[in-house]
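Okay, here's what each chain looks like letter by letter:
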Amino acid sequence: MDEKADDPRSGDALNRPELSRTEVAYLGAIYRLNETHETASVSTLAKRFRVRLPTTIEVLDKLEQKRLVIKKPWKVPELSSRGLIIAEFVIHQHRVVELYFNSKLGLDSDLSCTEASKIDYLLDPAVVGKMCEVLNRPGQCLHGFPIQHRDD
Ligand SMILES: [Zn+2]
Ligand SMILES: [Zn+2]
């Protein structure tokens with residue numbers, strides 16, 4: 001039995017063509033807004049991605065079709081349990097990679113964050129796991145947010 005294929009935390013699941021970079025970014029954004037107790041409303045997301053409301057609604061509709069986001073009328077979109085797993089995966093990848101760039105390569109925080117965003121979801125979790133080890137499983141990211149590890 002191939003368990004890895006169904007594991008949304010595996011790189012394979014995230015690299016499946018049906019999940020675009022934009023969709024992954026939205027899952028991460030909803031997660032981060034929840035983390036800081038901000039409302040992940042359609043307008044907040046539209047502002048965050050500097051796009052118009054209909055564009056944001058389109059992305060959220062796609063995520064809902066894939067059962068990663070739950071949208072109820074007049075309610076703020078929420079992550080489904082599978083959406084949350086993918087969001088946690090991407091946030092861990094991002095925070096570890098940017099911290100690695102910053103503390104091991106000496107890149108400044110902004111550059112570390114920007115460059116990490118380009119590859120965080122694409123890197124094999126085993127590679128990021130190695131970076132995480134080298135950093136001694138850090139508890140906080142560059143911006144002071146918690147880094148949750150898979151086996152915490
Ligand atoms: Zn960042
Ligand atoms: Zn870790």
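What counts and what doesn't
Residues numbered from 1 in each chain as written. Chains lettered and ligands numbered in written order. Predicted model: local features only at pLDDT ≥ 70, side-chain atom pairs only at ≥ 80, totals over all residues. Helix = DSSP H or I, 4+ residues; strand = E, 2+ residues; numbered from the N terminus. Buried ≥ 20, exposed ≤ 12 C-beta atoms within 10 Å, placed from the backbone. Contact = placed C-beta atoms within 7 Å. Core = buried A, V, L, I, M, F, W, Y, C linked by C-beta atoms within 7 Å. Axes fitted to C-alpha atoms, helices over the stretch in contact; angles between N-to-C directions. Parallel < 35°, antiparallel > 145°, perpendicular 65-115°, else oblique. Nonpolar A, V, L, I, M, F, W, Y, C, P; charged D, E, K, R; others polar. pLDDT = per-residue confidence, 0-100. Expected span 1.5 Å × (residues − 1).

## A short note on the overall build of the protein
Here comes step 1: What the protein contains, in helices and strands, is seven helices and two strands.
Here comes step 2: Each helix (α) and strand (β) of the protein, taken in turn from the N terminus, gives the series α-α-α-α-β-β-α-α-α.
Here comes step 3: The buried share among the 152 residues of the protein stands at 26%.
Here comes step 4: The contacts in the protein between residues at least 6 apart in sequence include a share of 53% that link residues at least 24 apart.

## Quick look at the nonpolar core
Here comes step 1: Within the largest apolar cluster, 18 residues are counted, with the highest numbers of intra-cluster contacts made by Leu27, Ala87 and Val90.
Here comes step 2: Listed by contribution, the elements that provide at least two residues to this core are α2 (21-35), α4 (53-65) and α5 (81-105).
Here comes step 3: Here this core gets five residues from one element, more than from any other, and that element is α5.
Here comes step 4: Residues within four places of Val90 in sequence aside, it is in contact with Val24, Leu27, Gly28, Asp120 and Tyr121.
Here comes step 5: In terms of nonpolar packing, the next biggest core, distinct from the first, is built from 10 residues, Val96, Val97, Phe101 and Ala116 among them.

## A short note on the environment of Ala87
Here comes step 1: As for its position among the elements, Ala87 is in helix α5.
Here comes step 2: Since 23 C-beta atoms lie within 10 Å of it, Ala87 is described here as buried.
Here comes step 3: Put simply, Ala87 and Tyr121 are 34 residues apart on the chain and 9.9 Å apart in space, counted from C-alpha to C-alpha.
Here comes step 4: What Ala87 contacts, discounting residues up to four positions off in sequence, is Leu27, Gly28, Ile30, Tyr31 and Leu79.

## Some points on the packing of α2 against α4
Here comes step 1: As a packed pair, α2 and α4 sit with axes 10 Å apart at the nearest point and diverge in direction by 90°. The orientation of α2 with respect to α4, classified from their angle, is roughly perpendicular. Mapping the contact onto sequence places Thr22, Glu23 and Tyr26 in α2 and Val59, Lys62 and Leu63 in α4.
Here comes step 2: Residues belonging to the contact of α2 with α4 are distributed by class as follows: three nonpolar, one polar and two charged.

## Some points on the packing of α2 against α5
Here comes step 1: Viewed as axis vectors pointing N to C, α2 and α5 meet at an angle of 90°, and their least axial separation amounts to 9 Å. The angle between α2 and α5 falls in the class roughly perpendicular. Judged by residue contacts, Val24, Leu27, Gly28, Ile30 and Tyr31 of α2 engage Gly83, Ile86, Ala87, Val90, Ile91 and His94 from α5.

## Looking at the confidence of the model for the protein
Here comes step 1: Summarising the model, the protein shows a mean pLDDT of 88, and 88% of its residues fall at 70 or more.
Here comes step 2: Note that pLDDT drops below 50 for residues 1-6; the model gives that stretch three contacts with residues more than four away or on any other chain.

## Considerations on unusual backbone geometry
Here comes step 1: Even without a glycine there, the phi angle at Arg50 is positive, about 50°.
Here comes step 2: As for its placement among the helices and strands, Arg50 is situated in the loop between α3 (42-48) and α4.
Here comes step 3: According to the C-beta neighbour criterion, Arg50 is exposed, with 7 such atoms within 10 Å.
Here comes step 4: Despite not being glycine, Asn136 has its phi angle at roughly 60°, a positive value.

## Notes on α5
Here comes step 1: Compared with an ideal rise of 1.5 Å per residue, which puts 25 residues at 36 Å, α5 spans 35 Å between its outermost C-alpha atoms and is within 8% of the ideal.
Here comes step 2: Phi for Gly106, located one or two positions after α5, is positive at around 75°.

## Things to note about the environment of Val69
Here comes step 1: Position of Val69 relative to the elements: it lies in strand β1 (residues 69-70).
Here comes step 2: In this structure Val69 comes out as buried when scored by C-beta crowding, with 24 C-beta atoms within 10 Å.
Here comes step 3: For the pair formed by Val69 and Ser80, sequence separation is 11 residues and the distance between their alpha carbons is 5.1 Å.
Here comes step 4: Beyond its immediate stretch of four places on either side in the chain, Val69 contacts Leu60, Leu63, Glu64, Pro77, Glu78, Leu79, Ser80 and Gly83.

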